[in-house]
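Overview (structure and organization)
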Amino acid sequence: MKYLEVMIDEQRCNKCNYCQVAIDCPGVQLCTGCDACIDACPQEARKLKYTDQESNRISCSVNGLEVQISERRTVLHALDKLGFEITQYPAKEDAIFAPCRTGGCYSCAVLINGQLRPSCITPVHEGMVINTQIRNQPPLRIVTGFQGHHVGGVGTPKDLVSRAPLGYLEVACFSSGCTHRCSTCQNWQITYLSHVQPLSPVATAHKLTEKRKQYQVDRMAISGGESTLNRRWLVQFVKQLKKLNPDKSARIHVDTNAAILTPDYIDELVEAGMTDIGPDLKGISLDTFTIITNQKNEELAEKYLTTSWNAVKYILDQYSDKVFLGVGIPYNSAFMSLDEVNEIGSRLVEWDSCVQVTVLDYRPEFRARAVVRPSYKEMLQVKNVLEGTGLEKVICQTSGGYIR
Ligand code: FES
(Lines give C-alpha, C1' and ligand atoms only; values in the text may rest on other atoms or scores of the structure.)
Protein backbone atom coordinates (compact mmCIF):
# COMPACT_ATOMS: atom_id res chain seq x y z
CA MET A 1 0.00 0.00 0.00
CA LYS A 2 1.23 3.50 -0.86
CA TYR A 3 1.31 6.43 1.52
CA LEU A 4 -1.44 9.01 1.25
CA GLU A 5 -0.79 12.69 1.39
CA VAL A 6 -2.99 15.76 1.60
CA MET A 7 -2.48 18.29 -1.17
CA ILE A 8 -3.37 21.90 -0.48
CA ASP A 9 -4.58 24.06 -3.33
CA GLU A 10 -2.89 27.36 -2.48
CA GLN A 11 -5.22 29.24 -4.84
CA ARG A 12 -8.24 28.15 -2.83
CA CYS A 13 -6.79 28.12 0.69
CA ASN A 14 -7.49 31.48 2.34
CA LYS A 15 -5.42 30.65 5.45
CA CYS A 16 -8.50 30.66 7.68
CA ASN A 17 -6.63 28.11 9.81
CA TYR A 18 -9.80 26.21 10.66
CA CYS A 19 -8.14 22.88 9.82
CA GLN A 20 -5.44 23.60 12.41
CA VAL A 21 -7.80 24.75 15.11
CA ALA A 22 -10.56 22.16 14.68
CA ILE A 23 -9.02 18.95 13.45
CA ASP A 24 -7.03 16.56 15.62
CA CYS A 25 -4.37 15.88 13.00
CA PRO A 26 -0.90 14.30 13.22
CA GLY A 27 0.31 16.85 10.63
CA VAL A 28 0.54 16.91 6.84
CA GLN A 29 3.86 15.01 6.90
CA LEU A 30 2.22 12.13 8.77
CA CYS A 31 -1.11 12.24 6.89
CA THR A 32 -3.17 9.08 7.41
CA GLY A 33 -5.74 9.87 4.72
CA CYS A 34 -8.53 10.10 7.31
CA ASP A 35 -10.28 12.77 5.19
CA ALA A 36 -11.41 14.84 8.19
CA CYS A 37 -9.64 18.03 7.08
CA ILE A 38 -10.96 17.57 3.54
CA ASP A 39 -14.55 17.40 4.79
CA ALA A 40 -14.02 20.32 7.15
CA CYS A 41 -12.23 22.78 4.87
CA PRO A 42 -14.70 25.57 4.05
CA GLN A 43 -12.70 26.48 0.93
CA GLU A 44 -12.54 22.90 -0.45
CA ALA A 45 -8.83 23.51 -0.77
CA ARG A 46 -7.67 20.00 0.15
CA LYS A 47 -7.57 16.66 -1.53
CA LEU A 48 -5.78 13.35 -1.03
CA LYS A 49 -3.35 11.69 -3.33
CA TYR A 50 -1.22 8.58 -3.12
CA THR A 51 2.53 9.12 -3.07
CA ASP A 52 4.92 6.76 -4.92
CA GLN A 53 6.29 5.47 -1.66
CA GLU A 54 5.24 2.06 -0.34
CA SER A 55 4.21 2.26 3.31
CA ASN A 56 6.04 0.28 5.99
CA ARG A 57 4.37 -2.46 7.95
CA ILE A 58 4.06 -2.20 11.72
CA SER A 59 2.93 -4.60 14.45
CA CYS A 60 -0.10 -3.97 16.62
CA SER A 61 -2.35 -6.01 18.82
CA VAL A 62 -6.08 -6.14 18.04
CA ASN A 63 -8.31 -7.86 20.58
CA GLY A 64 -5.28 -9.75 21.86
CA LEU A 65 -4.01 -10.91 18.45
CA GLU A 66 -0.71 -9.69 16.99
CA VAL A 67 -1.29 -8.22 13.50
CA GLN A 68 0.81 -6.53 10.82
CA ILE A 69 -0.71 -3.38 9.35
CA SER A 70 0.38 -0.49 7.13
CA GLU A 71 1.65 2.54 8.98
CA ARG A 72 0.30 6.05 8.40
CA ARG A 73 -3.29 4.82 8.27
CA THR A 74 -6.06 5.26 10.82
CA VAL A 75 -7.13 2.60 13.29
CA LEU A 76 -10.45 2.42 11.40
CA HIS A 77 -8.61 1.75 8.11
CA ALA A 78 -6.66 -1.01 9.86
CA LEU A 79 -9.80 -2.58 11.35
CA ASP A 80 -11.44 -2.45 7.93
CA LYS A 81 -8.46 -4.23 6.35
CA LEU A 82 -8.56 -6.82 9.10
CA GLY A 83 -12.15 -7.67 8.14
CA PHE A 84 -14.18 -5.86 10.79
CA GLU A 85 -17.58 -4.73 9.55
CA ILE A 86 -17.69 -0.92 9.38
CA THR A 87 -21.03 0.81 8.75
CA GLN A 88 -22.49 4.29 8.36
CA TYR A 89 -26.01 3.17 9.22
CA PRO A 90 -26.76 1.28 12.46
CA ALA A 91 -26.38 -2.43 11.77
CA LYS A 92 -25.36 -5.50 13.73
CA GLU A 93 -24.26 -5.15 17.35
CA ASP A 94 -20.68 -6.18 16.62
CA ALA A 95 -20.22 -3.89 13.58
CA ILE A 96 -18.25 -0.69 14.07
CA PHE A 97 -20.61 2.22 13.47
CA ALA A 98 -18.62 5.09 11.98
CA PRO A 99 -21.10 7.69 10.74
CA CYS A 100 -19.19 11.00 10.93
CA ARG A 101 -15.59 9.98 10.23
CA THR A 102 -14.33 13.32 11.46
CA GLY A 103 -13.59 12.44 15.07
CA GLY A 104 -16.51 14.16 16.79
CA CYS A 105 -19.17 11.58 17.59
CA TYR A 106 -16.99 8.80 19.07
CA SER A 107 -19.41 6.15 17.73
CA CYS A 108 -16.40 4.48 16.15
CA ALA A 109 -14.35 4.74 19.35
CA VAL A 110 -12.27 1.76 20.46
CA LEU A 111 -9.80 1.31 23.29
CA ILE A 112 -6.38 2.39 22.12
CA ASN A 113 -3.66 1.70 24.65
CA GLY A 114 -6.40 1.67 27.28
CA GLN A 115 -8.05 4.95 26.26
CA LEU A 116 -11.28 5.46 24.35
CA ARG A 117 -10.34 7.17 21.08
CA PRO A 118 -12.16 7.72 17.78
CA SER A 119 -10.75 5.08 15.40
CA CYS A 120 -11.60 7.16 12.31
CA ILE A 121 -8.96 9.81 12.97
CA THR A 122 -6.43 8.08 15.24
CA PRO A 123 -3.21 7.05 13.45
CA VAL A 124 -1.85 3.55 14.03
CA HIS A 125 1.53 3.23 15.75
CA GLU A 126 4.02 0.43 16.24
CA GLY A 127 3.08 -1.57 19.34
CA MET A 128 -0.40 -0.07 19.64
CA VAL A 129 -2.87 -2.14 21.64
CA ILE A 130 -6.38 -1.93 20.20
CA ASN A 131 -9.49 -3.39 21.79
CA THR A 132 -12.86 -3.14 20.06
CA GLN A 133 -14.86 -4.46 23.02
CA ILE A 134 -16.03 -1.25 24.66
CA ARG A 135 -19.50 -2.04 26.01
CA ASN A 136 -18.30 -1.60 29.60
CA GLN A 137 -16.62 1.74 28.94
CA PRO A 138 -18.51 4.96 29.73
CA PRO A 139 -19.20 6.56 26.32
CA LEU A 140 -17.68 9.89 25.33
CA ARG A 141 -18.28 12.49 22.67
CA ILE A 142 -17.31 16.05 21.86
CA VAL A 143 -19.87 18.56 23.08
CA THR A 144 -19.31 22.30 23.19
CA GLY A 145 -21.09 25.66 23.03
CA PHE A 146 -23.11 25.50 26.26
CA GLN A 147 -25.23 28.64 26.11
CA GLY A 148 -28.60 30.31 26.54
CA HIS A 149 -30.86 30.59 23.49
CA HIS A 150 -33.46 33.21 22.67
CA VAL A 151 -35.47 31.25 20.12
CA GLY A 152 -34.44 27.59 20.48
CA GLY A 153 -34.39 25.05 17.67
CA VAL A 154 -37.06 23.63 15.38
CA GLY A 155 -38.24 21.36 18.20
CA THR A 156 -39.05 24.35 20.42
CA PRO A 157 -42.74 25.30 20.63
CA LYS A 158 -42.67 28.74 19.07
CA ASP A 159 -45.66 30.06 21.03
CA LEU A 160 -43.37 30.05 24.07
CA VAL A 161 -41.08 32.74 22.68
CA SER A 162 -42.90 35.74 24.05
CA ARG A 163 -43.16 34.11 27.49
CA ALA A 164 -39.43 33.45 27.88
CA PRO A 165 -37.94 34.93 31.09
CA LEU A 166 -34.98 37.28 30.65
CA GLY A 167 -35.41 36.87 26.90
CA TYR A 168 -34.02 33.31 26.99
CA LEU A 169 -36.09 30.32 25.99
CA GLU A 170 -33.73 27.42 26.57
CA VAL A 171 -30.15 26.40 27.16
CA ALA A 172 -28.36 24.29 24.58
CA CYS A 173 -25.17 22.41 23.86
CA PHE A 174 -23.83 21.18 20.53
CA SER A 175 -22.37 17.79 19.67
CA SER A 176 -19.69 17.32 17.02
CA GLY A 177 -19.86 14.92 14.08
CA CYS A 178 -22.55 14.51 11.46
CA THR A 179 -23.80 11.99 8.92
CA HIS A 180 -24.24 14.73 6.34
CA ARG A 181 -21.87 17.01 4.47
CA CYS A 182 -24.21 19.93 3.81
CA SER A 183 -22.44 22.72 1.96
CA THR A 184 -24.85 25.12 3.70
CA CYS A 185 -24.08 23.74 7.19
CA GLN A 186 -24.81 26.51 9.68
CA ASN A 187 -22.95 24.88 12.57
CA TRP A 188 -19.87 23.74 10.66
CA GLN A 189 -17.44 25.13 13.21
CA ILE A 190 -18.89 22.69 15.75
CA THR A 191 -19.67 19.83 13.39
CA TYR A 192 -16.07 19.17 12.40
CA LEU A 193 -14.49 19.83 15.76
CA SER A 194 -12.27 16.96 16.92
CA HIS A 195 -9.52 18.79 18.76
CA VAL A 196 -11.19 19.23 22.15
CA GLN A 197 -11.63 16.89 25.08
CA PRO A 198 -14.70 14.64 24.80
CA LEU A 199 -17.23 14.61 27.63
CA SER A 200 -19.13 11.84 29.35
CA PRO A 201 -22.96 11.97 29.41
CA VAL A 202 -22.82 12.70 33.15
CA ALA A 203 -20.42 15.65 32.79
CA THR A 204 -22.46 17.07 29.92
CA ALA A 205 -25.74 16.77 31.84
CA HIS A 206 -24.16 18.56 34.83
CA LYS A 207 -22.87 21.40 32.62
CA LEU A 208 -26.24 21.86 30.93
CA THR A 209 -28.07 21.75 34.25
CA GLU A 210 -25.76 24.48 35.55
CA LYS A 211 -26.65 26.56 32.48
CA ARG A 212 -30.34 25.97 33.17
CA LYS A 213 -29.87 27.47 36.65
CA GLN A 214 -27.84 30.36 35.28
CA TYR A 215 -30.38 31.29 32.61
CA GLN A 216 -33.45 30.40 34.71
CA VAL A 217 -35.18 28.43 31.99
CA ASP A 218 -36.94 25.06 31.93
CA ARG A 219 -35.83 23.88 28.53
CA MET A 220 -32.54 22.09 27.87
CA ALA A 221 -31.52 21.16 24.33
CA ILE A 222 -28.85 19.22 22.51
CA SER A 223 -28.15 19.98 18.87
CA GLY A 224 -25.17 19.61 16.58
CA GLY A 225 -23.58 18.43 14.35
CA GLU A 226 -25.85 15.48 14.73
CA SER A 227 -26.92 14.73 18.27
CA THR A 228 -28.10 11.13 17.70
CA LEU A 229 -24.91 9.61 16.30
CA ASN A 230 -23.61 8.04 19.47
CA ARG A 231 -26.73 6.27 20.76
CA ARG A 232 -25.34 4.93 24.03
CA TRP A 233 -23.98 8.39 24.85
CA LEU A 234 -27.22 10.25 24.01
CA VAL A 235 -29.51 7.89 25.91
CA GLN A 236 -27.31 8.08 29.01
CA PHE A 237 -27.13 11.88 28.68
CA VAL A 238 -30.93 12.23 28.49
CA LYS A 239 -31.36 9.88 31.47
CA GLN A 240 -28.84 11.82 33.50
CA LEU A 241 -30.39 15.16 32.58
CA LYS A 242 -33.77 13.83 33.72
CA LYS A 243 -32.24 12.65 36.99
CA LEU A 244 -30.66 16.05 37.65
CA ASN A 245 -33.88 17.88 36.67
CA PRO A 246 -36.72 15.83 38.19
CA ASP A 247 -39.18 18.77 38.31
CA LYS A 248 -42.22 18.55 36.04
CA SER A 249 -41.40 21.82 34.27
CA ALA A 250 -38.05 20.54 32.95
CA ARG A 251 -38.08 19.88 29.20
CA ILE A 252 -35.42 17.84 27.41
CA HIS A 253 -35.15 18.69 23.73
CA VAL A 254 -33.25 16.81 21.02
CA ASP A 255 -32.60 18.55 17.68
CA THR A 256 -31.71 16.07 14.96
CA ASN A 257 -31.53 15.33 11.26
CA ALA A 258 -33.26 12.03 12.19
CA ALA A 259 -31.20 10.13 9.59
CA ILE A 260 -30.55 7.20 11.95
CA LEU A 261 -33.51 7.73 14.29
CA THR A 262 -35.19 4.34 14.08
CA PRO A 263 -38.38 3.57 16.06
CA ASP A 264 -36.53 1.56 18.73
CA TYR A 265 -34.11 4.48 19.21
CA ILE A 266 -37.05 6.90 19.59
CA ASP A 267 -38.63 4.56 22.18
CA GLU A 268 -35.38 4.49 24.12
CA LEU A 269 -35.06 8.29 24.12
CA VAL A 270 -38.66 8.80 25.26
CA GLU A 271 -38.19 6.27 28.01
CA ALA A 272 -34.99 8.05 29.06
CA GLY A 273 -36.86 11.35 29.44
CA MET A 274 -36.84 13.19 26.10
CA THR A 275 -39.87 15.50 25.97
CA ASP A 276 -39.31 17.55 22.78
CA ILE A 277 -37.80 16.73 19.41
CA GLY A 278 -37.03 18.67 16.25
CA PRO A 279 -36.29 16.46 13.24
CA ASP A 280 -35.07 18.23 10.10
CA LEU A 281 -36.44 16.90 6.82
CA LYS A 282 -33.95 17.78 4.13
CA GLY A 283 -36.34 17.37 1.21
CA ILE A 284 -38.78 14.69 0.18
CA SER A 285 -37.07 13.70 -3.07
CA LEU A 286 -33.81 11.81 -3.05
CA ASP A 287 -32.35 14.33 -5.51
CA THR A 288 -32.97 17.25 -3.17
CA PHE A 289 -31.68 15.30 -0.18
CA THR A 290 -28.43 14.43 -1.95
CA ILE A 291 -27.94 17.99 -3.19
CA ILE A 292 -28.40 19.39 0.32
CA THR A 293 -26.42 16.74 2.20
CA ASN A 294 -23.75 15.94 -0.39
CA GLN A 295 -24.25 12.28 0.40
CA LYS A 296 -22.60 10.51 -2.52
CA ASN A 297 -23.69 6.99 -1.64
CA GLU A 298 -27.21 6.74 -3.06
CA GLU A 299 -28.22 3.69 -1.06
CA LEU A 300 -27.13 5.33 2.16
CA ALA A 301 -28.82 8.63 1.21
CA GLU A 302 -32.06 6.77 0.62
CA LYS A 303 -31.83 5.06 4.01
CA TYR A 304 -31.16 8.36 5.77
CA LEU A 305 -34.01 10.15 4.01
CA THR A 306 -36.49 7.32 4.57
CA THR A 307 -35.48 6.97 8.22
CA SER A 308 -35.99 10.68 8.86
CA TRP A 309 -39.52 10.69 7.38
CA ASN A 310 -40.41 7.46 9.17
CA ALA A 311 -39.20 8.98 12.44
CA VAL A 312 -41.65 11.89 12.08
CA LYS A 313 -44.53 9.51 11.34
CA TYR A 314 -43.61 7.23 14.22
CA ILE A 315 -43.44 10.09 16.74
CA LEU A 316 -46.81 11.43 15.56
CA ASP A 317 -48.40 7.98 15.74
CA GLN A 318 -46.92 6.86 19.05
CA TYR A 319 -46.05 9.90 21.10
CA SER A 320 -48.26 12.85 20.10
CA ASP A 321 -49.61 13.02 23.68
CA LYS A 322 -46.19 12.72 25.30
CA VAL A 323 -43.55 14.42 23.14
CA PHE A 324 -43.62 17.84 21.48
CA LEU A 325 -42.65 17.49 17.82
CA GLY A 326 -41.52 20.41 15.66
CA VAL A 327 -40.42 19.60 12.11
CA GLY A 328 -37.70 21.61 10.34
CA ILE A 329 -37.52 22.13 6.58
CA PRO A 330 -34.66 23.89 4.82
CA TYR A 331 -35.52 26.20 1.97
CA ASN A 332 -33.58 27.87 -0.78
CA SER A 333 -34.79 27.98 -4.37
CA ALA A 334 -31.27 26.87 -5.41
CA PHE A 335 -32.07 23.37 -4.19
CA MET A 336 -35.79 23.10 -3.51
CA SER A 337 -38.77 23.98 -5.69
CA LEU A 338 -42.09 25.27 -4.39
CA ASP A 339 -43.64 22.10 -5.82
CA GLU A 340 -41.48 20.08 -3.46
CA VAL A 341 -42.44 22.38 -0.57
CA ASN A 342 -46.06 21.65 -1.47
CA GLU A 343 -45.36 17.91 -1.56
CA ILE A 344 -43.71 18.06 1.88
CA GLY A 345 -46.65 19.98 3.31
CA SER A 346 -49.18 17.59 1.77
CA ARG A 347 -47.42 14.53 3.23
CA LEU A 348 -47.30 16.11 6.70
CA VAL A 349 -50.95 17.18 6.55
CA GLU A 350 -51.98 13.58 5.82
CA TRP A 351 -50.36 12.66 9.12
CA ASP A 352 -51.25 15.65 11.30
CA SER A 353 -52.25 19.12 10.12
CA CYS A 354 -51.42 20.60 13.56
CA VAL A 355 -47.73 19.65 13.56
CA GLN A 356 -45.44 22.69 13.96
CA VAL A 357 -43.30 23.24 10.87
CA THR A 358 -40.37 25.66 10.88
CA VAL A 359 -38.84 26.58 7.52
CA LEU A 360 -35.21 27.60 7.73
CA ASP A 361 -34.00 30.01 5.07
CA TYR A 362 -30.71 28.50 3.98
CA ARG A 363 -28.21 31.29 3.49
CA PRO A 364 -24.57 31.69 2.43
CA GLU A 365 -22.61 29.60 4.93
CA PHE A 366 -19.69 27.17 5.08
CA ARG A 367 -19.02 26.15 1.46
CA ALA A 368 -22.14 27.62 -0.10
CA ARG A 369 -21.01 31.25 -0.08
CA ALA A 370 -22.53 31.94 -3.50
CA VAL A 371 -26.04 30.94 -2.43
CA VAL A 372 -28.41 33.89 -2.11
CA ARG A 373 -30.43 34.06 1.10
CA PRO A 374 -34.16 33.80 0.28
CA SER A 375 -35.89 37.16 0.54
CA TYR A 376 -38.68 37.87 3.01
CA LYS A 377 -41.12 37.76 0.09
CA GLU A 378 -39.90 34.32 -0.98
CA MET A 379 -40.25 32.97 2.54
CA LEU A 380 -43.74 34.41 2.73
CA GLN A 381 -44.50 32.52 -0.47
CA VAL A 382 -43.15 29.29 1.11
CA LYS A 383 -45.37 29.88 4.13
CA ASN A 384 -48.40 30.39 1.88
CA VAL A 385 -47.65 27.18 -0.02
CA LEU A 386 -47.38 25.16 3.20
CA GLU A 387 -50.51 26.72 4.69
CA GLY A 388 -52.26 26.05 1.39
CA THR A 389 -51.74 22.32 2.01
CA GLY A 390 -53.69 22.63 5.26
CA LEU A 391 -50.81 22.91 7.75
CA GLU A 392 -51.95 25.06 10.65
CA LYS A 393 -48.70 26.00 12.35
CA VAL A 394 -46.05 27.23 9.89
CA ILE A 395 -43.17 29.42 10.98
CA CYS A 396 -40.60 30.80 8.56
CA GLN A 397 -37.16 32.05 9.47
CA THR A 398 -36.21 35.18 7.53
CA SER A 399 -33.53 37.84 7.62
CA GLY A 400 -36.05 40.00 9.50
CA GLY A 401 -36.93 37.40 12.15
CA TYR A 402 -39.60 34.70 12.23
CA ILE A 403 -42.87 35.02 10.30
CA ARG A 404 -45.58 33.24 12.26
S1 FES B 1 -17.25 8.11 13.15
FE2 FES B 1 -15.38 8.35 14.19
S3 FES B 1 -15.84 9.94 15.57
FE4 FES B 1 -17.67 9.79 14.41
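Before going into details, it helps to say that this report is about the structure given with it. Just so we're clear, the structure is a prediction, and the values are computed from it rather than from any experiment.

Cut-off values and rules
Residues numbered from 1 in each chain as written. Predicted model: local features only at pLDDT ≥ 70, side-chain atom pairs only at ≥ 80, totals over all residues. Helix = DSSP H or I, 4+ residues; strand = E, 2+ residues; numbered from the N terminus. Rg over C-alpha atoms; globule rule 2.2 N^0.38 Å. Contact = placed C-beta atoms within 7 Å. Buried ≥ 20, exposed ≤ 12 C-beta atoms within 10 Å, placed from the backbone. Pairing = 2+ DSSP bridges. Axes fitted to C-alpha atoms, helices over the stretch in contact; angles between N-to-C directions. Expected span 1.5 Å × (residues − 1). Arc of directions from axis to C-beta.

A word on the overall build of the protein. When you go through the protein residue by residue, the secondary structure sums to eleven helices and 18 strands. Since a compact globule built from 404 residues should have a radius of gyration of about 22 Å, the 22 Å found for the protein is in line with a globular shape. Structurally, the protein occupies a C-alpha span of about 65 × 50 × 35 Å along its principal axes. Contacts spanning at least 24 positions in sequence make up 72% of the contacts within the protein whose residues lie at least 6 apart.

Mapped onto the elements of the fold, tyrosine 89 is located in the loop between strand 5 (86-87) and strand 6 (96-97). For tyrosine 89 and methionine 220, which are 131 residues apart along the polypeptide, the C-alpha to C-alpha distance reads 27 Å. Excluding residues that lie within four positions of it along the chain, tyrosine 89 makes contacts with Ile260, Leu300 and Lys303.

A cis geometry characterises the amide bond from glycine 224 onward to glycine 225, with omega recorded as 20°. Relative to the helices and strands, glycine 225 resides in the loop between strand 12 (219-224) and helix 6 (231-244). With a phi angle near 65°, tyrosine 106 is a residue other than glycine that sits in the positive phi range. As for its placement among the helices and strands, tyrosine 106 is situated in the loop between strand 6 and strand 7 (109-112). On the basis of neighbour count, tyrosine 106 is assigned to the buried category, with 28 C-beta atoms found within 10 Å.

Strand order across the open sheet formed by five strands is 4-3-9-7-8, with mixed pairing between neighbours. Edge positions in the sheet fall to strand 4 (65-70) and strand 8 (115-118), since each has one partner strand and no second. The mean angle between the axes of side-by-side strands here comes to 40°, regardless of whether they run parallel or antiparallel. Direction of pairing for strand 7 relative to strand 9 (residues 129-131): antiparallel, over a ladder of two bridges. Bridging from a neighbouring strand, isoleucine 112 pairs with isoleucine 130 of strand 9.

The next thing to look at is helix 9 (residues 298-319). Its 22 residues give helix 9 an end-to-end C-alpha distance of 31 Å, which sits within 8% of 32 Å, the value for a rise of 1.5 Å per residue. Where helix 9 is concerned, the buried positions are Ala301, Tyr304, Leu305, Thr307, Ser308, Ala311, Val312 and Ile315. Seen from one end, helix 9 has its buried residues packed into an arc of 155°, which puts them on one side. Opposite its buried face, helix 9 presents the exposed residues Glu298, Glu299 and Asp317, each directed more than 90 degrees away.

Before going further, it helps to spend a moment on the environment of leucine 116. By the element assignment, leucine 116 lies in strand 8. Among the residues examined, leucine 116 registers 17 C-beta atoms within 10 Å and is labelled partly exposed. For the pair leucine 116 and isoleucine 130, spaced 14 residues apart in sequence, the C-alpha to C-alpha distance is 9.8 Å. Every residue in contact with leucine 116, bar those within four places of it in the chain, is listed here: Ala109, Leu111, Ile134, Gln137 and Leu140.

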